[in-house]
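So the chains spell out like this:
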Amino acid sequence: MVLSRMISDTDASVSSTFASRYVRTSLPKFKMAEGSIPKEAAFQIINDELMLDGNPRLNLASFVTTWMEPECDKLIMSSINKNYVDMDEYPVTTELQNRCVNMIAHLFNAPLGEAETAVGVGTVGSSEAIMLAGLAFKRKWQNKMKALGKPWDKPNIVTGANVQVCWEKFARYFEVELKEVKLREGYYVMDPEKAVEMVDENTICVAAILGSTLNGEFEDVKRLNDLLIEKNAKTGWDTPIHVDAASGGFIAPFIYPELEWDFRLPLVKSINVSGHKYGLVYAGIGWVIWRNKDDLPDELIFHINYLGADQPTFTLNFSKGSSQIIAQYYQFIRLGFEGYKSIMENCQENATVLKEGLEKTGRFNIVSKDKGVPLVAFSLKDHSVHNEFEISDILRRFGWIVPAYTMPPDAQHITVLRVVIREDFSRTLADRLVNDIVKVLHELDTMPAKVTAKTELCEEKGIENKTDLSVQRKIADDWKKFVANKKKSNGVC
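Parameters and conventions
Residues numbered from 1 in each chain as written. Predicted model: local features only at pLDDT ≥ 70, side-chain atom pairs only at ≥ 80, totals over all residues. Heavy atoms only, no water. Helix = DSSP H or I, 4+ residues; strand = E, 2+ residues; numbered from the N terminus. Buried < 20%, exposed > 50% of the residue type's maximum accessible area, 1.4 Å probe, protein only. Contact = heavy atoms within 4.5 Å. Areas by Shrake-Rupley, 256 points an atom, 1.4 Å probe, with all protein chains shown as cover. Expected span 1.5 Å × (residues − 1). Pairing = 2+ DSSP bridges. Axes fitted to C-alpha atoms, helices over the stretch in contact; angles between N-to-C directions. Core = buried A, V, L, I, M, F, W, Y, C linked by side-chain atoms within 4.5 Å. Parallel < 35°, antiparallel > 145°, perpendicular 65-115°, else oblique. Left-handed = near helix turned anticlockwise from the far one by under 90°. pLDDT = per-residue confidence, 0-100. Salt bridge = Lys/Arg side-chain N within 4 Å of Asp/Glu carboxyl O.

**Points about the overall build of the protein**
Working step 1: Helix and strand content of the protein: 13 helices and 15 strands.
Working step 2: Within the protein, buried positions represent 49% of all 493 residues.
Working step 3: Partitioning the contacts of the protein with sequence separation of at least 6, the portion at a separation of at least 24 is 68%.
Working step 4: Total accessible area on the protein stands at roughly 24,900 Å², and carbon and sulfur atoms take up 52% of it.

**Brief notes about the environment of Asn 98**
Working step 1: Its location among the elements puts Asn 98 in helix α3 (residues 91–107).
Working step 2: Residues Asn 98 and Val 119, 21 residues apart in the sequence, show an inter-C-alpha distance of 9.1 Å.

**A word on helix α4 (residues 126–147)**
Working step 1: Over its 22 residues, α4 runs 31 Å from end to end, which matches the ideal 32 Å to within 8%, given 1.5 Å per residue.
Working step 2: Of the residues flanking the end of α4, it is Gly 149, one or two places downstream, whose phi is positive at about 75 degrees.

**Focus on the sheet that holds strand β3 (residues 119–123)**
Working step 1: The 7 strands lie next to each other as β3-β9-β8-β7-β6-β4-β5, forming an open sheet whose pairing is mixed. Since the sheet does not close on itself, it has two edges, and those belong to β3 and β5 (177–181), each with one partner. Each strand axis lies, on average, 20 degrees off the axis of its neighbour in the sheet, ignoring direction.
Working step 2: Note: strand β4 (residues 156–160) against β5, 5 bridges, orientation parallel. Paired with Ile 157 across the strands is Leu 178, a residue of β5.

**Let's talk about the nonpolar core**
Working step 1: Core analysis: the biggest nonpolar cluster contains 105 residues, and Leu 224, Val 243, Trp 261, Leu 354, Ile 391 and Leu 433 have the highest contact counts within it.
Working step 2: Among the elements that take part in this core, helix α9 (residues 323–361) stands out by supplying 15 residues, more than any other.
Working step 3: Formed by 15 residues, the second largest nonpolar core is a distinct cluster that contains Met 131, Met 145, Ile 204 and Ala 207.

**Side note on the side chain of Gln 328**
Working step 1: Looking at the element boundaries, Gln 328 is found in helix α9.
Working step 2: The class for Gln 328 is buried, based on a relative accessible area of 0%.
Working step 3: Look past the residues within four positions of Gln 328 in its chain and what remains in contact with it is Cys 100, Phe 250, Gly 275, Gly 279, Val 281, Ile 285, Trp 287 and Tyr 340.

**Thoughts on the packing of α9 against helix α11 (residues 427–445)**
Each pair of packed helices can be summarised by the angle the axes make with each other and by the distance between the axes.
Working step 1: Running from N to C, α9 and α11 point in directions that differ by 20 degrees, and their axes come no closer than 9 Å. One element, α9, and the other, α11, form an angle in the roughly parallel class. In the packing of α9 onto α11, the handedness of the crossing is right-handed. Counting all contacts with α9, which are made through Asn 350, Val 353, Leu 354, Gly 357, Leu 358 and Thr 361, the residues of α11 involved are Arg 427, Ala 430, Asp 431, Leu 433, Val 434, Ile 437 and Val 438.

**Topic: the side chain of Asp 436**
Working step 1: The residue Asp 436 is located in helix α11 in this model.
Working step 2: Given the relative accessible area of 2%, Asp 436 is considered buried.
Working step 3: Leaving out residues up to four positions away in the same chain, Asp 436 has contacts with Leu 395, Phe 398 and Trp 400.

**Let's talk about the sheet that holds strand β15 (residues 415–420)**
Working step 1: Spatial ordering of the open sheet is given by β12-β13-β15-β14, a layout of 4 strands whose pairing is antiparallel. A single partner strand is all that each edge strand has here, and the edge strands are β12 (364–366) and β14 (404–406). Across the sheet, the mean angle separating the axes of adjacent strands is 35 degrees when strand polarity is ignored.
Working step 2: For β14 and β15, the ladder comprises 3 bridges, and the chain directions are antiparallel. Across the sheet, residue Tyr 405 finds its bridge partner in β15, namely Val 416.
Working step 3: Sheet strands in contact with α9 are β12, β13 (375–380) and β15, and its direction is about 15 degrees off that of β13.
Working step 4: Those strands touched by helix α10 (residues 388–395) are β12, β13, β14 and β15, and its axis lies near 35 degrees from that of β15.

**Observations concerning the confidence of the model for the protein**
Segments scoring low in pLDDT should not have their predicted coordinates read at a detailed level.
Working step 1: For the protein, mean pLDDT is 89; residues scoring 70 or higher make up 86% of the total.
Working step 2: Residue range residues 464–469 is modelled with pLDDT below 50. Its contacts to residues more than four positions away, or to other chains, number 5 contacts.
Working step 3: Segment residues 487–493 is flagged for pLDDT under 50; beyond a separation of four residues in sequence, or across chains, it makes 1 contact in the model.

**Focus on the pattern of salt bridges**
Working step 1: On inspection of all chains with the given rule, the structure shows 19 salt bridges.
Working step 2: Where Lys 144 meets Asp 238, a salt bridge forms, and the shortest distance between an N and an O atom there is 3.0 Å. Placement of Lys 144 in helix α4 and of Asp 238 in the loop between α7 (221–235) and β7 (241–244) is noted, with a sequence separation of 94 residues between them.
Working step 3: For Lys 144, a relative accessible area of 26% corresponds to the partly exposed category.
Working step 4: For Glu 345, the salt bridge identified is with Lys 341, shortest N-O distance 2.4 Å. Here Glu 345 pairs with Lys 341, and both are found in helix α9, just 4 residues apart, close to one helical turn.
Working step 5: We classify Glu 345 as partly exposed; its relative accessible area is 31%.
Working step 6: Using a relative accessible area of 31% as the deciding quantity, one classes Lys 341 as partly exposed.
Working step 7: Each of Arg 57, Arg 422 and Asp 424 takes part in salt bridges that share partners, so that together they form one network.

Below, the structure written as structure tokens:
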């Protein structure tokens, strides 16, 4: 076998022990190499670096699906080279998308006639879906204000401070004022009463969240709808609601069928949902559904014909893969209502196991709710010695990726850890996670407190309110000595 030789122009290079069977020199990291290398070497170089990524199955920070059945994996790989936008060339893929849109619309109780087709589109994710829904609300509001002869240059949208960052992106990118209802300790979702108070004539919609990213809680869309109906009747406005059901849209219909949050409420005009979350598909698929055709302005829909036929399109991007759409259809027909219901119930049961295990430690307050997305958000009862960020950091040694974060205003003094329960998170893993958290707590109990170490050192040295570099270095040195002595005592080389 011929060895490829390459000369690197920079010290910033990529190399691999195994790939040295094929390539004797390292590759430049930040510019394209002059020559080619064997496919085996390219694979091994990349594979070696990817080993340092976390295990997706143990990434408890993410809502995104990390496991699908092998049969679906085969379908994904067989269609990975199809560009969805070529609808005339891939008519079956387009038909599968339309079937998915109609299935979701019926799941969300859209008021469709017997032979009526649902209005919706597949997107790359809920972020794109929210952008499209927001644009539809903005354009409808502008058209209304122009017809009334009123100013139409200062639209706003009302949300809770707990919204995902994509709402902030929408507001900034498309010049819409974002009016956020602040949170408070013990209440980490949008307060419907305060939200409606913030609504004015320039409000294009109120965005409610079915499954807050922070603690999984469902916002009270029914209460919001009733309050808005009253305000609209008094003011003559027609302020609508959008439901961001990215996480909860594929949960509530199956295990909380009595909960009214969807198109059963008259002011809900559009709903987005992430197929790649509890829709049980790998990352790259979202959906947005409109109540009816009148809620999606015609001027936002483009018609193209240079790919072989007239194709209506309403997306922010153009090209995208077909695989995730096919995977979504697979899950719908494979699982059916019964299958989704069973999976969501299992996830909730595993969340309960984890919650009860954490409560038994006596060290945590549970911030999440029993009714909502199957996750457990929790915080330390005592922050005087250690904090949630330390727990998150040490858990990584066990392979677990558990995020720690602060709440938005006005609850930013609250810090929580969050574990998302997905289909591939079993009861066995829940028990193991609790055991590992207990080990972390015991380890932290034997360590000096990072939170108070600086204060104690200042008191010892007679220093008041000092934040100079020398004090910080002394604290770091003391911590390193403690860790080194601990390793020696444990017989670790």
